[in-house]
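Each chain, letter by letter, is given below.
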Amino acid sequence: MSSLEKSELQLGYIPLLDCIALLWAKQRGLFEAVGLNVTLTKEASWASLRDRLAFGLLDAAHCLSAMLPAAAIGADQIGIPLQTPLILSENRAFISLSQKLCYQLDIKKYDAVELSAKKLVEHMKKNHVVSLGHVFQHSIHHYCLREWLALADPELAHSIQVKTLPPPYMVEALNNHLIDGFCVGEPWNTQAELAGLGQIVSSSQDIIPNVADKVLAVTQEWAQQHPNTLIALTRAILQAQQELRVLEDFEPVWQLLIDFDVIQFECSPSIHVEKYYTIQDIIRNFVKSSAIPKSTDFEWLFQQMQKWNNWPVGSVDYENKAQSFLLLDTYLAASK
């Protein structure tokens, strides 16, 4: 292996299921095996993670995919270019509404996404105030929430004001009646259901294409200065992903999620059978085929930014700009 430019790394994450490959790589000594001493840093919000990554307080991070196109056109008000060598998850968000609201509107667990959206929109058109939350302005969660509402009423989907909350605060906000529903990654939808607060009404996979949700991100400058270090980091996380996909005994993974406060609720394979094995299946299938980043994912994100954030990106060359985010040589070197 070529010599590393840096071996002591700060790696940021938000407590969600799709940070598991980072946690597993640390737990299994996969970072150490490639010569890295990695400190995992839990961030309070996506905004703080983005800022700390952009200004060099983090070397790399578990990032929202939409942060890359937002940075590219300065929509994040920072404009420091970000790049990625690795997808951490694809399109694994869910929309949950309060159980009380679902009961009032007769929204059933297996309603088609068009039907659940129609029931909610009709309720809102009768001058009932409904407050919805998502995790970040530039995220598939924001776009998924609006695309879902647009199935019933495109004009309302554009005009509705939605709140931004860090993922770990969604359930608390629902409990405190600050919001009536949210779009977020797991395990927060499951926590809301098991607490008797929320009901999952839609999966992002039924609403938007199968695009990257989270990626391993670094600044362009950092990637240029630390190419061998980035290959080593990518290799360790890629190996963790591969191990998680085929792991037979899931209990150590579950315990790791508890230890890192990702899972903060009781959920056992003997009592909460469906929920436990659903989470296990999600973790095994965060990336359906290859974890190599794809320019088409970022082209779609640019289009969503133009559609829902009203950013003037129409003159942007989506294809070339999206290609600039991809560190394909890093991925290929890491996968050898």
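Basis of the calculations
- Residues numbered from 1 in each chain as written.
- Predicted model: local features only at pLDDT ≥ 70, side-chain atom pairs only at ≥ 80, totals over all residues.
- Heavy atoms only, no water.
- Helix = DSSP H or I, 4+ residues; strand = E, 2+ residues; numbered from the N terminus.
- Buried < 20%, exposed > 50% of the residue type's maximum accessible area, 1.4 Å probe, protein only.
- Contact = heavy atoms within 4.5 Å.
- Salt bridge = Lys/Arg side-chain N within 4 Å of Asp/Glu carboxyl O.
- Phe/Tyr/Trp six-rings, centres within 6.5 Å; stacked < 30°, edge-to-face > 60°.
- Pairing = 2+ DSSP bridges.
- Axes fitted to C-alpha atoms, helices over the stretch in contact; angles between N-to-C directions.
- Core = buried A, V, L, I, M, F, W, Y, C linked by side-chain atoms within 4.5 Å.

Colleague: Sorry if this is basic, but what is going on with the environment of Ala152 here?
Modeller: Structurally, the position occupied by Ala152 is in the loop between α7 (140-150) and α8 (154-159). Judged by relative accessible area, which is 31%, Ala152 ranks as partly exposed. Residues Ala152 and Lys119, spaced 33 residues apart in sequence, show a C-alpha to C-alpha distance of 8.6 Å. In contact with Ala152, not counting residues within four places along its chain, are Ala117, Lys118 and Val121.

Colleague: Before we go on, may I ask you to explain the pattern of salt bridges in this structure?
Modeller: Oppositely charged side chains can form a pair if their charged atoms are brought close together. Evaluation of the coordinates by the stated rule reveals 14 salt bridges. Notably, a salt bridge pairs Lys6 with Asp59, separated by 2.6 Å at the nearest N-O pair. In this pair, Lys6 sits in the segment before β1 (8-13) while Asp59 sits in the loop between α3 (46-54) and β3 (60-64), placing the two residues 53 residues apart along the sequence. Where Glu274 meets Lys109, a salt bridge forms, and the shortest distance between an N and an O atom there is 3.4 Å. Of the two residues, Glu274 is situated in helix α14 (residues 273-284) and Lys109 in the loop between α5 (99-105) and α6 (113-124); the sequence distance between them amounts to 165 residues. Residue classification places Glu274 among the partly exposed positions, given a relative accessible area of 49%.

Colleague: How do you make sense of the packing of aromatic side chains when you look at a structure like this?
Modeller: The description of two aromatic rings rests on the distance between their centres and on the angle between their planes. Inspection of every chain in the model, using the stated rule, returns nine aromatic pairs. Measuring from centroid to centroid gives 5.6 Å for Phe302 and Tyr318, while their planes differ by 15°, and the two rings are stacked. Taken as a pair, Phe302 in helix α15 (residues 295-308) and Tyr318 in helix α16 (residues 318-323) lie far apart in primary sequence, 16 residues in all. Residues Phe302 and Phe325 carry aromatic rings whose centres are separated by 6.0 Å and whose planes lie at 35° to one another, so their mutual orientation is tilted. Within this pair, whereas Phe302 is found in helix α15, its partner Phe325 is found in the loop between α16 and α17 (328-334), the two being separated by 23 residues in sequence.

Colleague: Would you take a moment to explain the sheet that holds strand β9 (residues 198-203) for this structure?
Modeller: Note on sheets: strands pair through backbone hydrogen bonds, and any given pair is parallel or antiparallel. The strand order across the open sheet built from five strands is β7-β6-β8-β5-β9, with neighbouring strands paired in mixed fashion. Of all strands in the sheet, those with a lone pairing partner are β7 (163-164) and β9, marking the two edges. Across five bridges, strand β5 (residues 93-98) lies against strand β8 (residues 181-185) in antiparallel orientation. Bridge assignment links Leu97 to a residue of β8, and that residue is Gly181.

Colleague: In this structure, what is going on with the sheet that holds β3? I would like to understand it.
Modeller: Across the sheet, five strands lie side by side as β2-β1-β3-β10-β4; this open sheet has mixed pairing. Edge positions in the open sheet fall to β2 (37-42) and β4 (82-90), since each of these has one partner strand only. When strand polarity is set aside, the average angle formed by the axes of neighbouring strands in this sheet is 25°. Summarising the sheet, β3 and strand β10 (residues 212-219) pair through four bridges and their orientation is antiparallel. Considered in β10, the bridge of His62 is made with Leu216. Along the sheet, helix α1 (residues 20-27) contacts β1, β2, β3 and β4; its crossing angle with β2, the most-contacted strand, is approximately 140°.

Colleague: I tried to follow the nonpolar core on my own but got confused; where do I start?
Modeller: The nonpolar side chains of soluble globular proteins are, as a tendency, buried together. Ranked by size, the top nonpolar core spans 123 residues in total, and within it Leu11, Leu120, Trp148, Leu233 and Ile237 carry the most contacts. Element by element, the count of residues in this core is highest for helix α12 (residues 227-246), at eight residues. In contact with Ile237, other than residues within four places in its own chain, are Leu11, Ala21, Leu22, Phe31, Leu86, Leu88 and Leu216.

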